[in-house]
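Reading the structure
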Amino acid sequence: MAHIQRDRKKLLARVRRIAGQVAALEQALEAGDDCDAVLVQIAAAKGAMHGLMLEVMAGHLSDHVVAEPDPARRADEAGVLLELLKRHAR
């Protein structure tokens, strides 16, 4: 998880932006905003979460698959990433 620690500040900034988007979505729902405004907020939050997922997956791929010298461990880490992609694609 070296990439998580290395990129911690950047990842936390993304998470905080997502939290702000979700808070704005909650406010839109509480205020009774039109459905188009709510849908825009949902799409923004989903896109931000997707971007965070891609950022962490890219770090995993580069640090735990590409840079892994042990072939067995590299295969295990690639398997972890494949399972994650399967879940994410649903």
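The rules we used
- Residues numbered from 1 in each chain as written.
- Predicted model: local features only at pLDDT ≥ 70, side-chain atom pairs only at ≥ 80, totals over all residues.
- Heavy atoms only, no water.
- Helix = DSSP H or I, 4+ residues; strand = E, 2+ residues; numbered from the N terminus.
- Rg over C-alpha atoms; globule rule 2.2 N^0.38 Å.
- Buried < 20%, exposed > 50% of the residue type's maximum accessible area, 1.4 Å probe, protein only.
- Contact = heavy atoms within 4.5 Å.
- Areas by Shrake-Rupley, 256 points an atom, 1.4 Å probe, with all protein chains shown as cover.
- Lys, Arg positive; Asp, Glu negative; His and termini not counted.
- Charge placed at Lys NZ, Arg CZ, Asp CG, Glu CD.
- Salt bridge = Lys/Arg side-chain N within 4 Å of Asp/Glu carboxyl O.
- Axes fitted to C-alpha atoms, helices over the stretch in contact; angles between N-to-C directions.
- Parallel < 35°, antiparallel > 145°, perpendicular 65-115°, else oblique.
- Left-handed = near helix turned anticlockwise from the far one by under 90°.
- Nonpolar A, V, L, I, M, F, W, Y, C, P; charged D, E, K, R; others polar.
- pLDDT = per-residue confidence, 0-100.

In this section: the overall build of the protein chain. The secondary structure content of the protein chain amounts to 4 helices and 0 strands. Rg of the C-alpha trace for the protein chain: 17 Å, well past the compact-globule value of 12 Å for 90 residues, more than 25% over. The dimensions of the protein chain, computed from C-alpha atoms along their principal axes, are 55 × 30 × 15 Å. Expressed as a percentage of the 90 residues in the protein chain, the buried residues total 21%. In the protein chain, 61% of the contacts between residues at least 6 apart in sequence involve partners at least 24 apart. Entry remark: accessible area of the protein chain is about 6500 Å², with carbon and sulfur atoms responsible for 62%. Distance between charge centroids for the protein chain: 6 Å, based on 13 positive and 13 negative side chains.

Moving on to the pattern of salt bridges. Taken as a whole and assessed by the stated rule, the structure comprises 6 salt bridges. With a shortest N-O distance of 3.5 Å, Asp7 and Arg6 are connected by a salt bridge. Judged by its relative accessible area of 52%, Arg6 falls in the exposed class. Arg6 is paired through a salt bridge with Asp63; the nearest N and O atoms lie 3.0 Å apart. One end of the pair, Arg6, is in helix α1 (residues 2–6); the other, Asp63, is in helix α3 (residues 35–66), with 57 residues separating them in the sequence. In this structure Asp63 comes out as partly exposed when scored by relative accessible area, which is 23%. The network of salt bridges with common partners includes Arg6, Asp7 and Asp63.

Orientation of α3 relative to helix α4 (residues 71–88), taken along the N-to-C sense of each, is 165°, at an axis distance of 9 Å. Put simply, α3 runs roughly antiparallel to α4. The two elements α3 and α4 meet at a crossing, and its hand is left-handed. The segment α3 lies against α4, with His50, Met53, Met57, His60, Leu61, His64 and Val65 engaging Arg74, Glu77, Ala78, Val80, Leu81, Leu84, Leu85 and His88. Residues of the contact of α3 with α4, tallied by class, amount to 9 nonpolar, 4 polar and 2 charged.

Predicted confidence across the protein chain gives a mean pLDDT of 92, with 99% of residues reaching 70 or more. Averaged over each element, pLDDT in the protein chain is lowest for α1 (87) and highest for helix α2 (residues 8–31) (96).

Within the fold, Glu77 resides in helix α4. The buried charged residue Glu77 lacks any salt bridge partner; its closest oppositely charged side chain belongs to Arg73, at an N-O distance of 4.0 Å. With sequence-adjacent residues up to four places away left out, Glu77 is seen in contact with His60, His64 and Val65.

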